[in-house]
Amino acid sequence: MASATEHRRPGRSPVGRNPGRSRADHGSKAAYGFVGGYAVLLVLFGIVPLGYALWMSVTNHKGQLVGLGNFVRVFEDYRFLSAFGNVAIFLVEWLVTLMVLVIALALLLHNRMRRTARVVRFLYYLPGAFAGAASVLLWLILLDPVASPIGPLFELFGWETFNEVIAPDNLPPIFMVIAFWTGAGSWIVIMYGALNGIPNEVIEQAKIDGANGWQTALRIQIPMLSRWIAYMLILAFAAGTQLFVEPQLVSTASGGQVSDSWSPNQLAYQFAFAAADVNGAAAISVYLLVISLGCAALVVFKARLFDKD
């Protein structure tokens, strides 16, 4: 009688299973587990609140459907265009500054400062460790010419008091500087990592072809970072439209000089809690959602973010 070993088929395990397939199945289950957990959180804290906001935006306080009535009403509010205009100016300054300086600093670290890159990246990242409110409170001190260590700089512009520094025309660049100080460091680290992902053979071939540092950066490195840049712009735009803490604290500190509805989020807060108009606040939030989704879609298609290589 032949032994079990003699009758065993080649390539089969003793128990008739493929170890490689078993490991793959186990990995697939783990992947589905992680994705499933995220999907649950997305539904609970993303889709459900979104659906609730959409419902509130098309109903009144009695739950009756009013169609676009809330959208028309908040649009006609005298503070609406001003709030959205303020944030639009801030976003232009913030996104241009973020894109130019983050890419420039990441390239500088990667190409010229490799020996000290770890320390410098850590220093860039430190401001982002502050909570938003704590960061703004720090900046309230820095913006006061009397207490600020950069008071002499304000004197060059003729600003002698805190209220002169935070004049309405100065607020977009001030909030841009605060946002860059708190948020740019993490993006520099991300861009630095993306630069490390560019094959060395590509850079070496460019040098062999006679490209200098500027040409390599402009024609090879930056184009290969286009998807990361698009990703940065989408998230930075979404964060910028939600500006609230900075103008709210500055408004409080200024004693009313700065409007308490300077940004759309502040305006929504006034509708919801000062006027007890939750439906109007929901309509403003939907306005912000539509604008953010529209701009994100434009960046995605222009940068071909989801195209296969």
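Up top is the structure.
Remember, predicted model here, so these are calculated numbers, not experimental data.

Chemist: Where do I start with the packing of helix H4 (residues 80-112) against helix H11 (residues 213-224) in this structure?
Modeler: For any two helices packed against each other, the geometry is given by the interaxial angle and the distance between the axes. For the pair H4 and H11, the least separation of the axes is 12 Å and the interaxial angle reads 100 degrees. Looking at the two axes, H4 sits roughly perpendicular to H11. Taken together, the residues of H11 that come into contact with H4 (itself represented by Ile 103, Leu 107, His 110 and Asn 111) are Ala 217, Gln 221 and Ile 222. Considered class by class, the residues forming the contact of H4 with H11 number four nonpolar, three polar and no charged.

Chemist: How should I be thinking about the side chain of Gln 270 in this particular structure?
Modeler: One can find Gln 270 in helix H14 (residues 264-274). On the basis of relative accessibility, which here comes to 13%, the residue Gln 270 falls in the buried class. Not counting residues within four places of it along the chain, the set of residues in contact with Gln 270 comprises Arg 79, Asp 260, Ser 261 and Ala 275.

Chemist: Got a minute to help me understand the pattern of salt bridges in this structure?
Modeler: Charged atoms that come close allow side chains of opposite charge to pair. One pass over the full model with this rule turns up two salt bridges. A salt bridge links Asp 277 to Arg 73, with the shortest nitrogen-to-oxygen separation between them at 2.4 Å. Placement of Asp 277 in the loop between H14 and helix H15 (278-303) and of Arg 73 in helix H3 (residues 69-75) is noted, with a sequence separation of 204 residues between them. Residue class for Arg 73 comes out partly exposed when judged on its relative accessible area of 35%.

Chemist: Is there a simple way to think about the layout of surface pockets in this case?
Modeler: Where empty space is left becomes clear once a probe the size of a water molecule has been rolled over the atoms. Taken as a whole, the largest pocket encloses approximately 640 Å³ of empty space. Along its surface, the largest pocket is lined by 25 residues, and Leu 107, Asn 111, Gly 213, Ala 217 and Gln 221 are the ones closest to its centre. When residues of the lining of the largest pocket are traced back to their parent elements, those giving at least two are H4, helix H9 (171-196), helix H10 (200-208) and H11. Partitioning the lining of the largest pocket into residue classes produces 13 nonpolar, eight polar and four charged.

Chemist: In this structure, what is going on with a nonpolar patch on the surface? I would like to understand it.
Modeler: Taken together, the side chains of Tyr 38, Leu 42, Val 43, Ile 47 and Val 48 define a hydrophobic patch exposed on the protein surface, amounting to about 460 Å² of accessible area. Within the secondary structure, Ile 47 is located in helix H2 (residues 19-57).

Chemist: I tried to follow the nonpolar core on my own but got confused; where do I start?
Modeler: Looking at soluble globular proteins, one finds that nonpolar side chains tend to be buried together. Counting 50 residues, the largest nonpolar core has Phe 90, Trp 94, Leu 98, Val 102, Leu 143, Ile 166 and Phe 175 as its most contacted members. When contributions to this core are tallied by element, the ones reaching two or more residues are H4, helix H5 (117-125), helix H6 (132-142), helix H8 (162-165), H9, H10, H11 and helix H12 (226-241). Among the elements that take part in this core, H9 stands out by supplying 14 residues, more than any other. Excluding residues within four positions of it along the chain, Leu 143 makes contact with Phe 154, Phe 162, Val 165, Ile 166 and Ile 174.

Chemist: Explain the environment of Leu 65 here, please?
Modeler: Within the element layout of this structure, Leu 65 appears in the loop between H2 and H3. By relative accessible area, which is 63% here, Leu 65 ends up exposed. C-alpha of Leu 65 to C-alpha of Trp 55: the two residues are ten residues apart in sequence and 8.7 Å apart in space. Excluding residues within four positions of it along the chain, Leu 65 makes contact with Trp 55, Val 58 and Thr 59.

Chemist: I'm lost on unusual backbone geometry in this one. Help?
Modeler: Most peptide bonds adopt trans geometry, and most residues besides glycine take a negative phi value. Positive phi values are uncommon outside glycine, yet Ala 276 reaches one of about 55 degrees. Within the secondary structure, Ala 276 is located in the loop between H14 and H15.

Chemist: Where do I start with the packing of aromatic side chains in this structure?
Modeler: The description of an aromatic ring pair rests on the distance of the ring centres and on the angle between the ring planes. Following the criterion strictly, the structure yields twelve aromatic pairs and no others. With a centroid separation of 5.9 Å and 80 degrees between ring planes, the pair formed by Trp 139 and Trp 181 is classed as edge-to-face. Of the two residues, Trp 139 is situated in helix H6 and Trp 181 in helix H9; the sequence distance between them amounts to 42 residues. Judged by relative accessible area, Trp 139 falls into the buried class, the value being 13%. Taking the relative accessible area as the measure of exposure, Trp 181 reaches 27% and is therefore partly exposed.

Here is what the cut-offs are and how they apply
Residues numbered from 1 in each chain as written. Predicted model: local features only at pLDDT ≥ 70, side-chain atom pairs only at ≥ 80, totals over all residues. Heavy atoms only, no water. Axes fitted to C-alpha atoms, helices over the stretch in contact; angles between N-to-C directions. Helix = DSSP H or I, 4+ residues; strand = E, 2+ residues; numbered from the N terminus. Parallel < 35°, antiparallel > 145°, perpendicular 65-115°, else oblique. Contact = heavy atoms within 4.5 Å. Nonpolar A, V, L, I, M, F, W, Y, C, P; charged D, E, K, R; others polar. Buried < 20%, exposed > 50% of the residue type's maximum accessible area, 1.4 Å probe, protein only. Salt bridge = Lys/Arg side-chain N within 4 Å of Asp/Glu carboxyl O. 1 Å grid on protein atoms, 1.4 Å probe; cavity = no way out; pocket = protein on both sides within 12 Å on 5 of 7 lines; lining within 4 Å. Points joined across faces, edges and corners; volume = space filled by probe spheres on them. Patch = residues over 30% accessible without salt bridge, like charges linked within 9 Å, V, L, I, M, F, W, Y side chains within 5 Å. Areas by Shrake-Rupley, 256 points an atom, 1.4 Å probe, with all protein chains shown as cover. Core = buried A, V, L, I, M, F, W, Y, C linked by side-chain atoms within 4.5 Å. Phe/Tyr/Trp six-rings, centres within 6.5 Å; stacked < 30°, edge-to-face > 60°.

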